[in-house]
Amino acid sequence: MSPVIEEHARARLITDGPLTRPVPVDLRYDAADDPRTVHIGLPDGTDWAFGRDLLERGLRTPIERGAVRVWPCGRTQLIVELHSTDGVEVFQFEIRTLIRFLARTRAQAPATGAAAQSSGGGPEKRPSRTRPGPKEAQPDPKGAQPARG
C-alpha cells in the first residue's frame, strides 16, 4: 500500500480588492485511491480533486478542465482558479512548491499510471469538489458536487 503524500502549503487568495491574503492549503495525493488525482484542501474544509496532469500542464501553459483553470503567472507563480455554484476562488501558488509536490507524486505513482500520464493516455480526471459536513440538508448525501464550468 502506497503512503499518502500530504504537503501543507501556503497560497495567496486573490480577491477583487487591492490586497491578497495568505491561506493555508493541503496538497494531497493517494496513489491507492486514484493515481491520476491530486487534491487541494482549503481552510473551510472544501476538497477539490482533479487530474494531476492538469496541474502539471498548467505549470507550462494555460489549461482548463471543467471548473478548474490553471496557468503560469510569470516564472515563479501559478494561478489556480476554482469555479463552483458558490462562486469563484482564485489562488496563487509558488511554482517550486507545486513542482516539489508533483515530483513526490510521480515517484509514488504506480508504473503503469505514470506511463499513461506521461503519454497522455487514459481517461481524463473530471474535477470535483467535496464540501465539509452539511450545515443544512444537501441533495447529495456524500456532499460531493461535480465540477461545473
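What counts as what
Residues numbered from 1 in each chain as written. Predicted model: local features only at pLDDT ≥ 70, side-chain atom pairs only at ≥ 80, totals over all residues. Heavy atoms only, no water. Helix = DSSP H or I, 4+ residues; strand = E, 2+ residues; numbered from the N terminus. Buried < 20%, exposed > 50% of the residue type's maximum accessible area, 1.4 Å probe, protein only. Contact = heavy atoms within 4.5 Å. Polar contact = N/O pair within 3.5 Å; in protein donor to acceptor, adjacent residues only side chain to side chain. pLDDT = per-residue confidence, 0-100. Expected span 1.5 Å × (residues − 1). Arc of directions from axis to C-beta. Salt bridge = Lys/Arg side-chain N within 4 Å of Asp/Glu carboxyl O.

**Some thoughts on the overall build of the protein**
Scanning the protein from N- to C-terminus turns up three helices and 10 strands. For the protein, the succession of helices and strands along the chain, N to C, is β-β-β-β-α-β-β-β-β-α-α-β-β. Going through the 149 residues of the protein one by one, you find that 40% of them count as buried. Long-range pairs, those at least 24 residues apart, make up 42% of the contacts in the protein with a sequence separation of at least 6.

**Re the side chain of His39**
Positionally, His39 belongs in strand S3 (residues 37–41). For His39, a relative accessible area of 9% translates into the label buried. A distance of 2.7 Å separates the side chain of His39 from the side chain of Asp47, its partner in a polar contact.

**Brief notes about the side chain of Thr105**
Inspection of the secondary structure puts Thr105 in helix H2 (residues 95–108). A residue is classified by how much of its surface remains accessible, and Thr105, at 0% relative accessible area, is buried. Not counting residues up to four positions away in its chain, the partners in contact with Thr105 are Ile5, Tyr29 and Arg52.

**Brief notes about the confidence of the model for the protein**
Chain-level pLDDT for the protein is 82 on average; 77% of the residues reach the 70-or-more range. Here residues 112–121 is a poorly scored stretch, pLDDT under 50, and it has seven contacts once near neighbours within four places are set aside; other chains count. In the predicted structure, residues 136–149 sits below a pLDDT of 50 and forms 20 contacts with residues beyond four places in sequence or in another chain.

**Some details on H2**
Here H2 spans 20 Å end to end across 14 residues, near enough to the 20 Å set by a 1.5 Å rise per residue. Along H2, the residues that are buried comprise Ile95, Thr97, Leu98, Phe101, Leu102 and Thr105. The buried residues of H2 occupy an angular sector of 155° when the element is viewed end-on, so they sit on one face. Counted as exposed and oriented over 90 degrees from the buried face of H2: Arg96 and Ala107. Contacts made by the buried residues of H2 are with strand S1 (5–14), strand S2 (21–29), S3, helix H1 (52–58), strand S7 (77–84) and strand S8 (87–94).

**As for the pattern of salt bridges**
A full pass over the atoms with the stated rule returns nine salt bridges. The partner of Arg65 in a salt bridge is Asp53, with the nearest N and O atoms 3.1 Å apart. Of this pair, Arg65 sits in strand S5 (residues 63–65) while Asp53 sits in helix H1, placing them 12 residues apart in sequence. Judged by its relative accessible area of 10%, Asp53 is buried. Across the pair Arg69 and Glu64 runs a salt bridge, and its minimum N-O distance is 3.2 Å. Given a relative accessible area of 48%, Glu64 falls into the partly exposed group. When salt bridges that share partners are traced, they join Glu7, Arg100 and Arg104 into one network.

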